[in-house]
Each structure stands twice: as structure tokens, then as C-alpha cells.
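# Residue-level structure breakdown
Residue strings, one per chain:
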Amino acid sequence: MFHVKHPQREVAATRQRAVGQWPTDPYPRRLNVWPGIRDASMLDGMSAPLQKYSPCSATDKAAALALTPVSSETEARLDAYVDLLVQWQTKTNLVASSTLPQLWTRHIADSLQLLALAPQAKCWADLGSGGGFPGVVLACALADIEGARVDLVERNAKKAAFLREAVRITASPASVHLMDIGDYVDRSEDRIDCVTARALAPLQVLLGFVEPLVNKGAKALFLKGQDVEAELTEATRYWNIEPRIHSSCTGGQGRIAEFDHIERRDRRGARQAWRGS
Ligand SMILES: C[S@@+](CC[C@H](N)C(=O)[O-])C[C@H]1O[C@@H](n2cnc3c(N)ncnc32)[C@H](O)[C@@H]1O
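Quick caveat, the model's predicted, so the values are computed rather than measured.

## Describing the site of the ligand
Neighbouring the ligand are 14 residues, the closest being Gly128, Phe133, Glu154, Ile181 and Arg198. Within the backbone of glycine 128, an N or O atom sits 2.9 Å from a nitrogen atom of the ligand. Aspartate 180 has a polar side-chain atom sitting 3.1 Å from a nitrogen atom of the ligand. Its free accessible area being 600 Å², the ligand has 80% of it covered by the protein chains. For the shell around the ligand, the class distribution of residues is five nonpolar, four polar and five charged.

## Some remarks on the nonpolar core
Counting 42 residues, the largest nonpolar core has Leu85, Ile108 and Trp124 as the members making the most contacts within it. Those elements that provide at least two residues to this core are helix 3 (58-67), helix 4 (72-89), helix 5 (103-112), helix 6 (135-142), strand 2 (149-154), helix 7 (157-170), strand 3 (174-178) and strand 5 (219-224). Excluding residues within four positions of it along the chain, isoleucine 108 makes contact with Leu78, Val82, Leu103, Phe133 and Val137. Counting 30 residues, the second largest nonpolar core, distinct from the first, contains Tyr184, Ile192, Val210 and Val214.

## Quick notes on the pairing of strand 3
Look at any regular strand and the pattern is simple: side chains alternate between the two faces of the sheet. Judged from the five bridges that link them, strand 2 and strand 3 form a sheet pairing that is parallel. Note on strand 3: the bridge partner recorded for leucine 152 is valine 176. The parallel pair strand 2 and strand 3, bridged by helix 7, forms a crossover whose chirality is right-handed.

## Quick word on the UniProt feature "binding site: S-adenosyl-L-methionine" in the protein
Under the present numbering, the feature "binding site: S-adenosyl-L-methionine" in UniProt falls on Gly128, Phe133, Ser188, Glu189 and Arg198. Look at the named residues: they lie 71 residues apart in sequence, and the longest C-alpha span between them is 23.5 Å, so in the fold they stay spread out. With a relative accessible area of 11%, serine 188 lands in the buried category. Not counting the four nearest positions on each side in its chain, serine 188 is found in contact with Leu213 and Lys216. Topologically, arginine 198 is positioned in strand 4 (residues 194-198). Judged by its relative accessible area of 17%, arginine 198 is buried. In contact with arginine 198, not counting residues within four places along its chain, are Arg106, His107, Asp110, Gly128, Phe133, Pro134 and Leu223.

The rules behind the values
Residues numbered from 1 in each chain as written. Predicted model: local features only at pLDDT ≥ 70, side-chain atom pairs only at ≥ 80, totals over all residues. Heavy atoms only, no water. Near = heavy atom within 4 Å. Polar contact = N/O pair within 3.5 Å; in protein donor to acceptor, adjacent residues only side chain to side chain. Areas by Shrake-Rupley, 256 points an atom, 1.4 Å probe, with all protein chains shown as cover. Nonpolar A, V, L, I, M, F, W, Y, C, P; charged D, E, K, R; others polar. Core = buried A, V, L, I, M, F, W, Y, C linked by side-chain atoms within 4.5 Å. Buried < 20%, exposed > 50% of the residue type's maximum accessible area, 1.4 Å probe, protein only. Helix = DSSP H or I, 4+ residues; strand = E, 2+ residues; numbered from the N terminus. Contact = heavy atoms within 4.5 Å. Pairing = 2+ DSSP bridges. Right-handed = clockwise from strand over helix to strand, strands pointing away. UniProt positions renumbered as here; feature names shortened; annotations may be inferred.

Here it is, written out as C-alpha cells:
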């Protein structure tokens, strides 16, 4: 005999299990969140009706959009992107699952804040895009600007497949480059106004990646954490740099390191740093 699962009963039973397992909902004013779901891995194996419940918080989304306001068109694109990311997160590690309840502030506002630092930039390149931060978020926000484009560079095939799907469903002006950053930079002939990276490598290595693009006129913006001072000290062993350091609008220890000019101090030393030795 076949055991037929009734979606609504499944919802009720799993809800009961989840409520039993987790403390009281800390976001009582959330509109579209199912209390009890704290981690996308809990959605694993659940039926489609269950997957419509998002582990992301509406309160967190409102806080993010207060920090980095966007048009309603951009918000709709970002909503579609977040839904896709939550679905894929059950199979592919795109972000730390523990950060999903703060996805809008930790990842989306963190990415959107870069736009204010390069307001004229239309052509962006995001190196090591992973799950799309900041590249896909920037592409969603730039979608209505004529001539805007974002290159998403990622060498992991699964993540590149996710990025392609994110670009498709958000109809954002981005293209995915499934390749190593070194190859992308070497082959890049199109104009790049701004190059970004988040959670990719220490500063002295990032500077080696972006040097050819910055020398052709791009601005580099790196989303960094509390170790940025130590990374800058190390980077100045290899590079002549005049960075501007901005505090993240999302608070905490986040910093943005901005570079308009990069020069090697010592060719051999810089090349060694680039290789990570
Ligand atoms: C820690 S993840 C960060 C992803 C995203 N930027 C974020 O902040 O969520 C780093 C990503 O860079 C990619 N990556 C690392 N080195 C790379 C390289 N040399 N070329 C292309 N992609 C690279 C990895 O595959 C990974 O997806």
C-alpha cells in the first residue's frame, strides 16, 4: 500500500516538531516567516508547500531597506533572488546557514552599500561571486540603468550554475564567467569602472588580482571584516597604496577598503604575495 502524504498535515506535523525544538520566535512581527525555521537545512526534504516558508525575517528585510533603500522594481528582483537562494541553500552551501535570518542586513544591505561609493560606475566586475554577494545584488539594483552590466567571476561550477539561474530569474544585467580570476583579468578587454570582492582573500592577494584593472582606471572596493588594519599593514610590505577605509553601514566590525591607485613596491615581493606565499 502506498503511503500518501497530505501536504497540510505534513505542514502541521513539521510545524509542531519545529516549535517544540526551537525557543519562542524572536521576531514576533515577521510577516512571512514561519516560527521555528531558523536554518534552511530544516527545509531539506520537505514538500513544495513547506518550502514557501522563508527562514528570512521581514523585520530584518525592513531594517536592510531602511539602511539601503531601493526602488520597488529592485526590491522585487531581490525578493526573487532571495527565494532562489533559500531553495538552493538546501543543496549548495551559498552562505552560512546561520546567517539566513539576517540575510537582508548581513548580505544584501552589505552589498548594496557599495553603490554609494561608486555612484557613476556602470560596469562592474565581482571576483569570487559565490552565492552572488555583492555581484548579483548590485546587478539587481543596476537593472534599470542603461548600459549597466556586472561580470560575475566564479570558478566553482555549481555556484556558477546558481548565479546563472539568479541572473535569469531576476532579469538583471549580469554575465557569469566560470573561470579563474587570473584568466578573467588577463582576458578582460571591456571597460570596468568598479571591481569588487567579498570574503575572497587577504588584501595583499586581492591587490594582485585587481592591479591590471585598477591600472586601467577601475576603482576597487573590498568588503572586509575587523582584520582590515592587520591586512593593510601586511599589504604595505608589497604595495604602495593609499586606501580609504569606510565603516559598513550595517554596523559591527565590517569595513570597506577602497583603492583608486595601486603600485607594486617590489615586483618579486608582490608576485610572491599574489601567489599567497
Ligand atoms: C568564501 S566565498 C565568498 C563568496 C561571496 N563573495 C560572498 O561574499 O558570499 C569565495 C568564492 O570565491 C571563489 N573563488 C576563490 N578563488 C577563486 C579564483 N581564483 N577564481 C575564481 N573564483 C574563486 C570560490 O569558489 C568561492 O565561491
